[in-house]
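Results of the structural survey
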Amino acid sequence: DRFRRLSEVFDEVVGVEEGAREALIARRCAGDPELEAELRKLLAVDDANSNDFLAGLVAAEAEAVHQTEVAGMRLGPWRVLETIGEGGMGTVYLAERADGAYEARAAVKLVRGGMPSPTLDERLRAERQILAGLSHPGVARLLDGGSTADGTPYLVMEFIDGQPITEWCDARALDVEGRLRLFLKVCDAVAYAHRGLVAHRDLKPSNILVTGDGEPKLLDFGIAKLMDAVAESAESGDAVTRTYGVMTPAYASPEQVSGERAGVSADTYSLGVLLFELLSGKLPLETRGLTPPQLVTRVTQEVPPTLSSVTDGERRRRLSGDLDVIVSRALRKEPEARYASVDALAEDIRLHLEELPIRARDDDWRYRAGKAVRRNRG
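Residues numbered from 1 in each chain as written. Predicted model: local features only at pLDDT ≥ 70, side-chain atom pairs only at ≥ 80, totals over all residues. Heavy atoms only, no water.

Turning our attention to the overall build of the protein. What the protein contains, in helices and strands, is 15 helices and nine strands. Relative to its full complement of 378 residues, the protein shows a buried share of 44%. Partitioning the contacts of the protein with sequence separation of at least 6, the portion at a separation of at least 24 is 57%. About 19,100 Å² of surface is accessible on the protein, with carbon and sulfur atoms providing 51% of the total. (Helix = DSSP H or I, 4+ residues; strand = E, 2+ residues; numbered from the N terminus. Buried < 20%, exposed > 50% of the residue type's maximum accessible area, 1.4 Å probe, protein only. Contact = heavy atoms within 4.5 Å. Areas by Shrake-Rupley, 256 points an atom, 1.4 Å probe, with all protein chains shown as cover.)

Next up on the list: helix α7 (residues 176–195). Between its first and last C-alpha atoms α7 spans 28 Å; for 20 residues at 1.5 Å apiece the expected length is 28 Å, and the two agree. At the exit of α7 stands Leu197, carrying a positive phi of roughly 60°. (Expected span 1.5 Å × (residues − 1).)

Turning next to the pairing of strand β5 (residues 142–147). One ladder, built from five bridges, connects β5 with strand β6 (residues 153–158); its direction is antiparallel. Its bridge partner lying in β6, Leu142 is registered against Met157. Between β5 and the antiparallel strand that follows it, β6, lie five residues; Gly151 among them carries a positive phi value of about 90°. (Pairing = 2+ DSSP bridges.)

Let us now look at the pattern of salt bridges. Counted under the stated rule, the structure contains 21 salt bridges. The salt bridge partner of Asp99 is Arg97, with a shortest N-O separation of 2.9 Å. Take Asp99: its relative accessible area is 37%, and that puts it in the partly exposed class. One salt bridge in this structure joins Glu215 and Lys185, with 2.9 Å as the shortest N-O distance. Placement of the pair is Glu215 in the loop between β8 (208–210) and β9 (216–218) and Lys185 in helix α7, with a sequence separation of 30 residues. Classification of Glu215 by relative accessible area gives partly exposed; the value is 34%. One salt-bridge network, held together by shared partners, links Arg2, Asp32 and Glu38. (Salt bridge = Lys/Arg side-chain N within 4 Å of Asp/Glu carboxyl O.)

In this description, a pair of aromatic rings is defined by centroid distance and the angle of the planes. Scanning the entire structure with this criterion turns up zero aromatic pairs. One Lys or Arg, Arg97, reaches over the ring of Trp78 and ends 5.2 Å from the middle of that ring. (Phe/Tyr/Trp six-rings, centres within 6.5 Å; stacked < 30°, edge-to-face > 60°. Lys NZ or Arg CZ within 6 Å of the ring centre and 35° of its normal.)

Along β6, five of the six residues are buried, which leaves the element largely enclosed by surrounding structure. With five bridges joining them, strand β4 (residues 105–111) and β6 adopt antiparallel strand pairing. In the strand pairing of β6, Ala106 is matched with Glu158.

A sheet is described by the order of its strands in space; here three strands give the open sequence β7-β8-β9, paired in antiparallel fashion. Each edge of the sheet is formed by a strand with only one pairing partner; in this case those strands are β7 (163–164) and β9. Lying over the sheet, α7 contacts β8 and β9, oriented at roughly 30° with respect to β9. (Axes fitted to C-alpha atoms, helices over the stretch in contact; angles between N-to-C directions.)

Let us now look at the packing of α7 against helix α14 (residues 342–353). Two measures define how a pair of helices packs: the angle their axes make with one another and the distance between the axes. Viewed as axis vectors pointing N to C, α7 and α14 meet at an angle of 155°, and their least axial separation amounts to 9 Å. Overall, the two elements α7 and α14 adopt an arrangement that is roughly antiparallel. Seen from above, α7 lies across α14 with left-handed handedness. Contacts between α7 and α14 involve Glu177, Leu180, Arg181, Phe183, Leu184, Cys187, Val190, Ala191, His194 and Arg195 on the former and, on the latter, Val342, Asp343, Leu345, Ala346, Ile349, Arg350, His352 and Leu353. (Parallel < 35°, antiparallel > 145°, perpendicular 65-115°, else oblique. Left-handed = near helix turned anticlockwise from the far one by under 90°.)

Written out as structure tokens, the structure is:
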């Protein structure tokens with residue numbers, strides 16, 4: 001009924017000239033702001049000479065039905081409460097413990113695209129066991145997992161009440177030193193997981209939440225690896241194929257956007273992008289609105305500007321030198337040319353904060369002498 005009503009109004013309004021359109025919209029949508037909002041979305045798509053408005057409408061209606069069905073759903077001992085996010089892997093819901101054992105809240109992720117199969121379930125269980133073993137104060141824990149009645153995989157994660165790291169720093173007007181020290185905590189958590197051979201592969205501000213007491217927490221660690229199993233099941237049953245859809249282009253490494261195997265060095269690149277953004281307020285490469293071929297070309301071939309060059313005044317002077325070198329090293333196109341590990345990246349930042357020569361710079365006596373003078377001004 002809702003669709004029929006919207007369709008009728010759209011058909012009536014779409015052929016009306018711009019001058020008379022507003023009056024007709026006001027008359028036909030009187031008292032129904034939701035109808036008016038949906039109608040305006042369809043008109044905007046139509047005005048852009050697109051023919052996929054129907055697909056968008058169906059998707060929106062299907063999502064509304066899905067939301068209704070999920071609210072109140074029981075997943076093991078957890079009860080779904082409400083939607084709290086949407087990502088490339090699926091929808092995230094706030095859930096509460098419903099078995100009376102104890103009171104707790106969690107973030108439940110319903111994963112898109114998985115086809116029910118015993119092999120998929122087995123792989124997900126094996127990967128979940130690895131991730132459940134990650135125990136670090138900077139990593140949100142994986143608590144539980146399984147599949148719904150229709151075979152949709154789900155994950156139950158520790159619920160983190162915090163802000164994305166960039167927003168947290170901006171809201172408190174943190175200086176360069178404060179941002180670097182917070183970034184070091186992120187590096188410590190990433191390096192911990194890397195020592196267990198678990199890569200993140202989707203590091204970005206929305207996956208790094210900072211709590212009220214200033215502690216960063218990494219979300220979705222290792223989830224990209226879990227998603228490989230789901231994608232393989234969705235694309236070709238249990239045949240081994242790979243996908244790299246679980247990434248955010250602005251923070252993805254050249255090997256990720258090229259579809260190559262991405263390991264821990266991809267996280268080093270993403271940390272370089274994050275550090276660039278934390279210190280300058282800008283991204284090293286703009287990726288919005290690019291077609292896939294354009295994205296691959298930009299990320300794999302275009303050299304980002306130096307960190308200090310996108311700022312001015314006192315901020316430019318503060319960021320030039322060591323920080324330019326550190327960020328540029330992390331953003332090298334070739335994985336082997338980046339820092340050998342996240343620990344090595346963090347070590348150079350610590351050396352910089354202590355006014356000691358960083359390892360990424362050439363062994364130049366003038367540079368070392370300048371460092372010594374700054375450490376011993378008196």
